[in-house]
Amino acid sequence: MRVLEARAYRGPNPYGYRPVIRFKLDLEQLEQYPTSKLGDFNDRLLELVPTLHEHGCSYGEPGGFVRRLHEGTWLGHVSEHIALELQGLAGTPVTYGKTRSAGEGEGIYYVVYSFIEERVGFMAGRLALRLIDHLLPAELRGAHGLDLLTPSDGISATPPDAPFDYQSELEELILLAQRLALGPTTQSLVDEARRRGIPAIRLDEQSLVQLGYGRFQQRIRSSVTGLTSNIAVETASDKELTNRLLDDVGLPVPRNMLVRSVEEAIATAERIGYPVVTKPLDVSHGRGVSLNLQDADQVRWGYEQAAEYRSSVLVESYLPGKDYRVLVVNDQVVAVAERVPAHVKGDGTHTIGELIEITNRDPRRGIGHEKVLTRITINEQAERLLEQAGYTLDTVLEPDQVFYLRSTANISTGGTAIDRTGEIHYDNIEIARRAARVIGLDIAGIDIISPNIAESLREIGGGIIEVNAGPGFRMHLQPSEGTPRNVAKPVINMLFPSNTPARIPIVSITGTNGKTTTARMVAHILKFNGQRVGLTTTDGIYIDGELYMRGDLTGPWSARMALKDPTIDAAVLETARGGILREGIGFDRCDVGAVLNIQADHLGLRGVETLEDLAQVKSLVVEVVHKEGTSVLNADDPLTVAMRERAGGRIAYFSMHGDEDGPQHLREHIAEGGVAVVLQQGVKGEMIAIYHDEQYIPLLWTHLIPATLEGKARVNVANALAATAIAYSMNVSVETIRQALRTFTTSFYQTPGRLNIFDEHPFRVIMDYGHNPAALEQMVDLVGKLRPSYQRVIGVISGPGDRRDQDLHKLGELAARMFDEIVIKQDASLRGRPSGEAAGIVKQGVLEAGIAEERITTVLPELEAVDYALGHAAPGDLVVVFADQVTPVWKRIIYFRKPEAQQADAGVLVE
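Only a predicted model underlies this, so the values are computations on that prediction, with no experimental measurement involved.

## Looking at a negative patch on the surface
Then, in step 1: Taken together, the side chains of Glu 304, Glu 308, Glu 380 and Glu 383 present a region of like negative charge at the surface.
Then, in step 2: Looking at where Glu 383 falls in the secondary structure, it is placed in helix α12 (residues 380–389).

## Looking at the sheet that holds strand β12 (residues 313–317)
Then, in step 1: Spatially, four strands are ordered β9-β12-β10-β11 in an open sheet, and the strand pairing comes out antiparallel. Whereas interior strands pair on both sides, the edge strands pair on one side only; in this sheet they are β9 (256–259) and β11 (290–293). Adjacent strand axes in the sheet meet at a mean angle of 20 degrees when their direction is disregarded.
Then, in step 2: Sheet topology places strand β10 (residues 276–280) next to β11; two bridges connect them, and they run antiparallel. Bridge pairing links Thr 278 to Ser 290 in β11.
Then, in step 3: Contacting β9, β10 and β12, helix α9 (residues 262–272) crosses the sheet at an angle of about 170 degrees to β9.
Then, in step 4: Here helix α10 (residues 296–307) sits on the sheet in contact with β9, β10, β11 and β12, set at roughly 170 degrees to β11.

## Some remarks on the side chain of Asp 442
Then, in step 1: Assignment of secondary structure puts Asp 442 in the loop between α13 (426–439) and β20 (443–450).
Then, in step 2: One buried charged residue, Asp 442, remains without a salt bridge, the closest side chain of opposite sign being Arg 325 at 13 Å.
Then, in step 3: Among the polar contacts listed, one links the side chain of Asp 442 to the side chain of Thr 228, at a separation of 2.8 Å.
Then, in step 4: Discounting chain neighbours no more than four positions away, the residues touching Asp 442 are Thr 225, Leu 227, Thr 228, Val 328, Val 329, Asn 330 and Met 494.

## Let's talk about the sheet that holds strand β21 (residues 463–469)
Then, in step 1: Spatially, β19-β14-β13-β20-β21 is the arrangement adopted by the five strands of the open sheet, whose pairing is antiparallel. With partners counted over all chains shown, the strands left at the sheet margins are β19 (416–419) and β21, one partner each. Each neighbouring strand pair of the sheet contributes to a mean axis angle of 30 degrees, computed without reference to strand direction.
Then, in step 2: With seven bridges joining them, strand β13 (residues 322–329) and strand β14 (residues 332–340) adopt antiparallel strand pairing. Across the sheet, the residue bridging to Val 329 is Gln 332, located in β14.

## Concerning the packing of helix α7 (residues 230–237) against helix α8 (residues 239–248)
Then, in step 1: Packing of α7 against α8 leaves a shortest axis separation of 5 Å and a crossing angle of 100 degrees. Our classification of the angle between α7 and α8 gives roughly perpendicular. In this structure, α7 uses Thr 235, Ala 236 and Ser 237 to contact α8, whose residues at the interface are Lys 239, Leu 241, Thr 242 and Leu 245.
Then, in step 2: For the contact of α7 with α8, the per-class residue count stands at three nonpolar, three polar and one charged.

## Overview of the nonpolar core
Then, in step 1: In terms of nonpolar packing, the biggest core is built from 52 residues, with Phe 41, Leu 45, Leu 75, Val 78, Ile 82, Leu 86 and Leu 173 touching the most fellow members.
Then, in step 2: When residues of this core are traced back to their parent elements, those giving at least two are β1 (2–9), β2 (20–26), α1 (41–48), α2 (64–71), α3 (75–89), β4 (108–114), α4 (118–135) and α5 (166–180).
Then, in step 3: Of all the elements, α4 adds the most residues to this core, at ten residues.
Then, in step 4: Beyond its immediate stretch of four places on either side in the chain, Ile 82 contacts Leu 45, Leu 52, Ala 128, Leu 131 and Ile 132.

## A look at empty space enclosed by the protein
Then, in step 1: Applying the stated criterion to the full structure yields three cavities of 30 Å³ or more.
Then, in step 2: If you add up the space inside the largest cavity, you get close to 70 Å³.
Then, in step 3: Partitioning the lining of the largest cavity into residue classes produces five nonpolar, six polar and four charged.
Then, in step 4: Estimates place the volume of the second largest cavity at around 60 Å³.
Then, in step 5: Along its surface, the second largest cavity is lined by 13 residues, and Lys 239, Asn 243, Ile 464, Ile 465 and Glu 466 are the ones closest to its centre.

## Structural notes on the pattern of salt bridges
Then, in step 1: Throughout the structure, instances matching the rule amount to 53 salt bridges.
Then, in step 2: A salt bridge links Arg 300 to Asp 297, with the nearest nitrogen and oxygen atoms 3.2 Å apart. Residue Arg 300 and its partner Asp 297 are both found in helix α10; the two are separated by three residues, about one turn of the helix.
Then, in step 3: Among the residues examined, Asp 297 registers a relative accessible area of 57% and is labelled exposed.
Then, in step 4: Overlapping salt bridges, with partners in common, bring together Arg 10, Glu 118, Arg 560 and Glu 583 in one network.

## Structural notes on helix α28 (residues 837–848)
Then, in step 1: End to end, α28 covers 17 Å across twelve residues, agreeing with the expected 16 Å (1.5 Å per residue, within 8%).
Then, in step 2: When we look at burial in α28, the residues that qualify are Ala 838, Ala 839, Ile 841, Val 842, Gly 845 and Val 846. Each buried residue of α28 lies within a common arc of 165 degrees when the element is viewed along its axis, so the set occupies one face.
Then, in step 3: Check the buried side of α28 and you find it contacts β35 (793–797), α27 (805–818), β36 (821–824) and β37 (856–858).

The rules behind these values
- Residues numbered from 1 in each chain as written.
- Predicted model: local features only at pLDDT ≥ 70, side-chain atom pairs only at ≥ 80, totals over all residues.
- Heavy atoms only, no water.
- Patch = residues over 30% accessible without salt bridge, like charges linked within 9 Å, V, L, I, M, F, W, Y side chains within 5 Å.
- Areas by Shrake-Rupley, 256 points an atom, 1.4 Å probe, with all protein chains shown as cover.
- Salt bridge = Lys/Arg side-chain N within 4 Å of Asp/Glu carboxyl O.
- Lys, Arg positive; Asp, Glu negative; His and termini not counted.
- Charge placed at Lys NZ, Arg CZ, Asp CG, Glu CD.
- Helix = DSSP H or I, 4+ residues; strand = E, 2+ residues; numbered from the N terminus.
- Pairing = 2+ DSSP bridges.
- Axes fitted to C-alpha atoms, helices over the stretch in contact; angles between N-to-C directions.
- Contact = heavy atoms within 4.5 Å.
- Buried < 20%, exposed > 50% of the residue type's maximum accessible area, 1.4 Å probe, protein only.
- Polar contact = N/O pair within 3.5 Å; in protein donor to acceptor, adjacent residues only side chain to side chain.
- Parallel < 35°, antiparallel > 145°, perpendicular 65-115°, else oblique.
- Nonpolar A, V, L, I, M, F, W, Y, C, P; charged D, E, K, R; others polar.
- Core = buried A, V, L, I, M, F, W, Y, C linked by side-chain atoms within 4.5 Å.
- 1 Å grid on protein atoms, 1.4 Å probe; cavity = no way out; pocket = protein on both sides within 12 Å on 5 of 7 lines; lining within 4 Å.
- Points joined across faces, edges and corners; volume = space filled by probe spheres on them.
- Expected span 1.5 Å × (residues − 1).
- Arc of directions from axis to C-beta.

In structure tokens form, the structure reads like this:
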């Protein structure tokens with residue numbers, strides 16, 4: 001079998017609304033071998049991965065997948081289930097998957113499965129195929145193309161030809177998941193945010209996460225938030241300063257002193273009085289901490305342990321009692337846990353070493369933060385405790401005898417936690433709250449030693465030994481005993497108080513033609529409305545009208561870039577077919593989704609063969625509209641109208657046929673009070689009007705919109721209708737929409753590559769980015785209306801190399817209907833065709849439409865073709881240039897001079 005391609009869809013995509021990995025798998029000869037014909041394959045697979053018994057598959061109940069194995073299913077389907085299960089075993093559980101024919105011949109499948117961490121998902125797919133290959137009969141083995149499932153960012157993987165060791169490679173996958181996945185604290189905050197409909201974007205390899213979009217975003221790194229004071233964090237990390245500040249306001253703390261030598265540590269211990277504690281000045285997770293040191297020799301050892309981390313060491317009086325963590329969020333105590341150091345309990349039979357092994361078999365224990373609890377390991381501290389007790393790992397403890405393998409009670413070193421939230425004494429609540437306020441932390445973990453947290457520290461003794469910035473939540477979320485506490489909820493409530501937005505309005509616009517101009521119109525209207533807009537288009541990313549990045553940026557990556565900007569009030573996102581098919585959509589949902597039209601373009605690419613296929617892809621934009629949002633659909637396009645069945649939110653139509661002879665579904669929609677923006681005939685021309693409920697709102701005559709060229713440019717009339725419907729759905733006032741449209745032009749600086757007109761030559765030049773038959777149809781209409789004003793019309797055209805032959809031929813036919821003289825050029829990117837081939841097919845279309853060959857000139861380099869056309873234009877002509885490289889072509893147009901003029905004005909800038 002062979003992997004042919006692999007990709008990750010990171011947002012809503014053609015396979016659903018969750019992130020998925022899809023790889024194309026050619027089973028080759030294995031297509032003839034369903035699992036029922038592979039001997040003991042099924043038994044050996046289930047022996048290695050017994051948890052596959054839990055998969056329901058199409059039967060919807062545990063054991064369903066095993067039934068499919070015995071009935072006979074194909075290995076692509078098997079790889080899907082194994083990839084899902086391996087991710088679960090690695091601590092990143094997922095359940096959604098499907099395997100379908102790729103439609104490219106027998107034995108070629110798309111294997112689709114969800115993921116939480118992308119690289120773990122890819123490696124799980126890789127391991128699934130290696131496992132299958134290992135279990136096959138020798139004559140059927142040979143998995144190829146596995147490198148396509150290996151992340152290219154430094155993740156190491158066992159070479160495909162290396163001997164297969166399932167347990168070893170599974171362990172590697174678990175370690176990878178542990179390294180890459182969000183920690184339990186960050187994950188709990190992300191999960192709670194998403195439960196409230198707040199989006200999350202991971203910003204780095206660690207735990208920096210953006211919650212929310214645009215100017216409403218907040219950031220977290222574990223339990224440190226954007227509201228956390230840097231001074232407070234630095235203060236909390238200095239244990240000596242923290243102790244002094246708390247002591248200064250009368251809070252109970254142990255005595256301590258900062259030392260920098262063993263001799264100083266021993267002298268301080270004797271001054272304070274034994275027993276004592278030694279700890280590094282500013283190290284977390286209990287590292288280097290030694291408790292209950294009874295004499296100078298133990299202090300010397302404890303100092304050495306602490307000095308491995310910091311040269312400054314605290315010697316502190318030892319407080320007897322239990323170790324409690326009190327979590328304070330936004331000045332409220334939200335959880336309390338008793339922390340118990342890593343330990344084993346004797347049974348009179350097993351040795352301490354065996355008891356550790358038995359304890360680590362608990363399914364709740366894993367590597368690092370992979371599970372609720374962490375496996376117990378033997379380190380230097382455990383060896384010291386064994387030595388002090390006169391024990392070894394071979395010692396057998398008496399029944400119920402507890403032996404502690406750590407002196408500190410950190411969960412990360414194998415400790416356990418008991419929830420005590422309901423037991424804490426009121427005085428201790430106030431002490432913890434005051435400690436957090438004194439240090440200045442919005443989220444603080446207050447470590448308290450007390451004989452009993454249910455009694456006042458002031459009555460029974462004890463004190464605060466540390467105040468932690470960025471405290472871990474695992475002990476509260478999943479305590480070993482007691483009630484789990486959703487401590488993420490108060491944090492999200494603090495970051496996003498009631499009635500505080502987390503999202504900015506998002507507009508997503510798709511369609512075959514008109515996307516960029518409509519997106520720019522909407523951004524222009526919103527700017528008039530006083531909003532700072534993030535705009536993504538085929539020209540680049542704009543923030544408040546300023547170009548921040550140039551390029552064709554209409555995919556999910558550019559959408560996420562705009563939504564990360566902390567200054568924008570709204571996002572208008574041009575959403576192209578290519579990005580959806582390549583990676584999905586770059587946001588989880590939008591407030592307004594608009595589908596402008598479905599027309600023949602990009603057919604025959606990436607599995608999109610028909611207009612219906614194209615409509616299926618583009619409909620995703622309205623499927624992810626929020627239930628309180630609006631789906632804007634073209635009432636004149638049957639394929640977009642059909643999307644209303646699966647579109648989210650309410651429906652708003654726009655139509656070029658708003659009079660009584662308009663589409664039946666449009667008239668019914670208006671009669672029912674729905675929103676519709678339509679074009680109607682009036683005594684002064686054509687009027688854009690809005691229907692909503694019982695209101696009829698005449699908005700604007702089309703000839704007053706500069707971008708419509710006095711109403712002649714029908715494509716921009718349609719774009720203005722769509723933009724109006726979008727803006728009206730966003731509650732922009734009618735007057736703001738009206739004034740914004742009256743100032744929207746087709747200048748190069750406002751809409752580069754969209755009907756840009758240059759009138760400073762003796763002839764007029766129109767430059768447009770149109771590159772498909774539907775766009776040229778619109779230009780045929782416009783040129784027909786403009787033709788009476790011009791002597792000749794000269795056209796410069798090309799055809800994108802990745803279009804079908806019939807599409808390129810059609811471009812030539814349409815050019816023949818517009819132009820008296822035709823210059824055929826070639827796009828900069830050949831897109832898989834030999835040089836000159838696409839231009840030749842376009843030329844054939846022109847010839848077959850009846851244009852004489854002497855009126856056709858082929859000049860392949862684009863800028864030379866533009867020079868040729870401009871050089872042959874006479875006063876009173878119209879030159880129409882369909883540009884590929886928009887900016888260089890525009891410069892060529894505006895700086896063009898005939899040779900005589902260039903000689904007279906040699907200083908003119910040409911490039």
